[in-house]
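Chain by chain, the residues:
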Amino acid sequence: MITAPQLRAARALLGIDQRALARLAGLSLPTIQRMEASDGQIRGHVDSLVKVVEALERAGLELIGDGATSAGGGRGVRLKDPAAER
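Residues numbered from 1 in each chain as written. Predicted model: local features only at pLDDT ≥ 70, side-chain atom pairs only at ≥ 80, totals over all residues. Heavy atoms only, no water.

A. Molecular detail of the overall build of the protein. When you go through the protein residue by residue, the secondary structure sums to 4 helices and 0 strands. In sequence order, the protein lays out its α and β elements as α-α-α-α. For the protein, the residues scored as buried account for 29% of the 86 residues in total. Summing over all exposed atoms, the protein offers an accessible surface of approximately 6000 Å²; the carbon and sulfur share of this is 52%. (Helix = DSSP H or I, 4+ residues; strand = E, 2+ residues; numbered from the N terminus. Buried < 20%, exposed > 50% of the residue type's maximum accessible area, 1.4 Å probe, protein only. Areas by Shrake-Rupley, 256 points an atom, 1.4 Å probe, with all protein chains shown as cover.)

B. Examining helix H2 (residues 18–25) more closely. Every buried residue belonging to H2 is among Ala-20, Leu-21, Ala-22 and Ala-25, and all of these are buried. Contacts made by the buried residues of H2 are with helix H1 (4–14), helix H3 (29–37) and helix H4 (46–58). Two residues or fewer past H2, Gly-26 is found with a positive phi of approximately 70°. (Contact = heavy atoms within 4.5 Å.)

C. Up close: the pattern of salt bridges. Evaluated as defined, the whole model comprises 2 salt bridges. Across the pair Arg-11 and Glu-36 runs a salt bridge whose closest N-O atoms are separated by 2.5 Å. Here Arg-11 is found in helix H1, whereas its partner Glu-36 is found in helix H3, with 25 residues between them in sequence. One exposure class covers both Arg-11 and Glu-36, and it is buried. (Salt bridge = Lys/Arg side-chain N within 4 Å of Asp/Glu carboxyl O.)

D. Spatial organisation of the nonpolar core. In terms of nonpolar packing, the biggest core is built from 19 residues, with Leu-7, Leu-21, Ile-32, Met-35, Ile-42, Val-52 and Leu-56 touching the most fellow members. Sorting the residues of this core by element identifies H1, H2, H3 and H4 as the ones contributing at least two each. In terms of residue count, H4 provides more of this core than any other element does, 5 residues in total. (Core = buried A, V, L, I, M, F, W, Y, C linked by side-chain atoms within 4.5 Å.)

E. Spotlight on the side chain of Arg-11. Residue Arg-11 is classed as buried on the basis of its relative accessible area, which comes to 15%. There is a polar contact of 3.0 Å between the side chain of Arg-11 and the backbone oxygen of Ile-16. Apart from residues lying up to four places away in sequence, Arg-11 is in contact with Ile-16, Asp-17, Gln-18, Leu-21 and Glu-36. (Polar contact = N/O pair within 3.5 Å; in protein donor to acceptor, adjacent residues only side chain to side chain.)

F. The arrangement of the side chain of Ser-48 in detail. The residue Ser-48 is located in helix H4 in this model. Judged by its relative accessible area of 12%, Ser-48 falls in the buried class.

G. Molecular detail of H3. Along H3, the residues that are buried comprise Leu-29, Thr-31, Ile-32, Met-35 and Glu-36. The arc that holds every buried residue of H3, seen down its axis, measures 160°, which confines them to one face. Those residues of H3 that are exposed and angled more than 90 degrees off the buried face are Arg-34 and Ala-37. Contacts made by the buried residues of H3 are with H1, H2 and H4. (Arc of directions from axis to C-beta.)

Here you go:
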């Protein structure tokens with residue numbers, strides 16, 4: 001669904017801190033902190049993950065999954081696959 005690096009990058013693009021994201025998603029600050037401390041794919045309650053994704057989308061961010069194309073216009077960033085560069 002979303003990875004910890006994606007979540008941190010999303011916050012950076014929106015210019016918000018963890019506390020602001022927690023408020024937007026209706027979650028506690030420790031929940032956001034745990035999500036961002038995850039290794040790779042975020043694990044947690046599905047309800048909490050959905051709240052974060054919906055909050056990011058309401059704030060104007062489009063999450064792009066691995067191998068997916070962007071549905072909308074605008075600028076974006078994506079990490080390159082290190083294996084593809086070899």
